[in-house]
Each structure stands twice: as C-alpha cells, then as structure tokens.
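# Residue-level structural notes
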Amino acid sequence: MKKSQQSDVHKECEYADVGEISVVWKGCLCQENSTNILETHTNQYELIKTRLIDEIGLDLYHIHPCEVINIAMLWLADDMVASSVAYDDHRVVNRFALAVCFLSWYDPKEPWNNMEGWMTNEHECTWFGVGCNEQDDVISISLQNNKLSGSIPKEMTLLNQLAKIDTPVNTITGTLPTELGRLKYLVTLDVHKNEIGGSIPVEIGSCPMLKKLQLRRNALVTTIPNEIWKLTNLEILDLSNNQAVKGTLQSEIGSCTSLKCIYIYSSRPNLWYYPERNRTTIKFANVGFF
C-alpha cells in the first residue's frame, strides 16, 4: 500500500523542465523538503541573499526552503553560476522580483501559453510580456490570457518603476496586495476577469499617477475606499461584475476631476450620487445593482 502511494506521488511530479530553474522547485512541488544547495552555488546564494537584504530590506533569514522567494534566490544563484555573469544590484532585484512573479503564477500542469525567455539567462527585458525603459527599469508586465494562476506576490512591487500591470483573463486568485501602494508611477492596473477576492486596499489611493483601474469580473467583496476618489488622474474605474461592491458615491468623487468612465454593479442597492462638478467630465457611467 505504501509503495503504491509513493509511486502515485512520483507520477504526479513528472513535470517538464522550466528553463534553468533549480531542481529544488520540483522537490517542493512533490511535497518534499529539499534544501540541498550545490557547493558551487552556496557562495553565490549567500551573496544574493545579503544583497537583497541590503538593497530592499527583505527578511530572508526566516523563510521556509519551499517559499517562492527562496526558490527564486536558488534559481538566481544557478543562473549567475551557469552564465558566469555578475549582475549589479539593480538587475539582481529585477530578476529576483520577476522570478517570484513566475513562481507565484506558474502551474507546471497548466503551462503558460507563452513563456519565452522566462527563467532563462536571457536579459529580463526581453522576456515575453516584460517592458523596460532605457535604464533597464521594468516598467510593464503584460501577460493577458496567458494561463496565469496563483496570487499576485507583494515582491512584484520591488519593481518600483512599474507603470503598467496588465494580467487580465487568467485565473489569478488571492487578494490585491497592500504593497501596490508603493508603486508611485503606476498608470494602469488591469486584472479583470480573474478570481481575485477580498477588498480593494486603501493603499491604492497612494498611486498618484493611476489612470486606469480595471477590476471587473473578479470575486471582490468590497467597500469602495474613499482614497480612490482622491486619485486626480483616474480616468477609468471598472468594478462591475464582482461578488459585492458596497458604499456610496458621495461628494468625495468630486476630487476625481479626470474621471471619464465609471462602471459599478452591485448585488445590493446603494445610494449613488454624482457631484455637480464631475458631471461635465464623466463621459460614460453605468452604476447600479442587479
């Protein structure tokens, strides 16, 4: 009986290789506690850990070996040893954050439609769906309809120049991380048609450049934070087709002077009110309940 169970587990764990990712990931997927690090990788792994702690203040001393942040560091150590490249701190953070995104969103049993470049030694700015500026800052992640699953990792916000997060039509779960409020250059957050639950974090109101907030067709049960109405650059707000969107549109909406389109459907009746000063800017509004 024991033998049969063991063989079943191994059968489930026959995953295809993903780029140059460490075998430790396979061990974790197979519910093993694999912590082995090749001797040749140990120094590089410890160096990466120290650099990430110094650069971004992550607590990397109390992590489980199978946490995605640990596997991302192991992959990065693999990558740097295999390619004999010494990345500067900027690229270490870029590659680490993107590796965490990949490990959080990738299901080996349901591979991405397109994962060209991801988890290889190719420059991260050439990876499918990743956009960079001339300084090699990652400014956009566009992976719509690409079979992403899992939740949005808070480590994504280490890419602090991000202007666009565009991951609609996937099966992303979990909640919107409060750390999104760190993205001071974020212009577009489009995660419509996923399975994201919970509430809209008030920290979204700390993204002063935000123009497009597309959260429709998720599983949000939320009150609209008043902080949303303080986003003076916000043009499109779409919260339609969620489980429950509660709250009122009171005078605070008047601060959203750029607002052009607003879509809110709720399963419960609420009082909706548009201040006079906003009626001239809003081109289309569909607000109500079913």
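Look up: the structure comes first, before these words.
Residues numbered from 1 in each chain as written. Predicted model: local features only at pLDDT ≥ 70, side-chain atom pairs only at ≥ 80, totals over all residues. Heavy atoms only, no water.

## Some details on the overall build of the chain
Check the secondary structure of the chain and you find five helices and 12 strands. Nonlocal contacts in the chain, meaning residues at least 24 apart in sequence, comprise 53% of its contacts between residues at least 6 apart. Of the roughly 14,100 Å² of accessible surface on the chain, a fraction of 48% belongs to carbon and sulfur atoms. (Helix = DSSP H or I, 4+ residues; strand = E, 2+ residues; numbered from the N terminus. Contact = heavy atoms within 4.5 Å. Areas by Shrake-Rupley, 256 points an atom, 1.4 Å probe, with all protein chains shown as cover.)

## Considerations on the pattern of salt bridges
Throughout the structure, instances matching the rule amount to eight salt bridges. The residue Arg 95 makes a salt bridge to Asp 79 at a minimum N-O spacing of 2.9 Å. Taken as a pair, Arg 95 in helix H5 (residues 89–105) and Asp 79 in helix H4 (residues 68–83) lie far apart in primary sequence, 16 residues in all. In this pair, the class of Arg 95 matches that of Asp 79, namely buried. In this structure, the salt-bridge partner of Glu 235 is Lys 260, at a minimum N-O distance of 3.7 Å. Here the residue Glu 235 occupies a position in the loop between strand E8 (221–223) and strand E9 (236–238), and Lys 260 occupies one in the loop between strand E10 (244–246) and strand E11 (261–266), the gap between them amounting to 25 residues. Residue Glu 235 is classed as partly exposed on the basis of its relative accessible area of 25%. (Salt bridge = Lys/Arg side-chain N within 4 Å of Asp/Glu carboxyl O. Buried < 20%, exposed > 50% of the residue type's maximum accessible area, 1.4 Å probe, protein only.)

## Some thoughts on unusual backbone geometry
Its identity as a non-glycine residue notwithstanding, Ser 84 has a phi of 55°, on the positive side. Within the element layout of this structure, Ser 84 appears in the loop between H4 and H5. Taking the relative accessible area as the measure of exposure, Ser 84 reaches 66% and is therefore exposed. Positive phi outside glycine occurs at Arg 217, with the angle close to 55°. Tracing the backbone through its elements, the reader meets Arg 217 in the loop between strand E7 (212–214) and E8. Residue classification places Arg 217 among the partly exposed positions, given a relative accessible area of 45%.

## Section: the nonpolar core
Formed by 69 residues in total, the largest nonpolar core has its most connected members in Trp 105 and Ile 228. If you list the elements that add at least two residues to this core, you get helix H3 (39–56), H4, H5, strand E2 (138–142) and E11. Looking at which element gives the most residues to this core, the answer is H5, with 11 residues. Ignoring anything within four residues of it in the chain, the contact list for Ile 228 reads Ile 200, Ile 204, Leu 213, Leu 234, Leu 237 and Cys 256. (Core = buried A, V, L, I, M, F, W, Y, C linked by side-chain atoms within 4.5 Å.)

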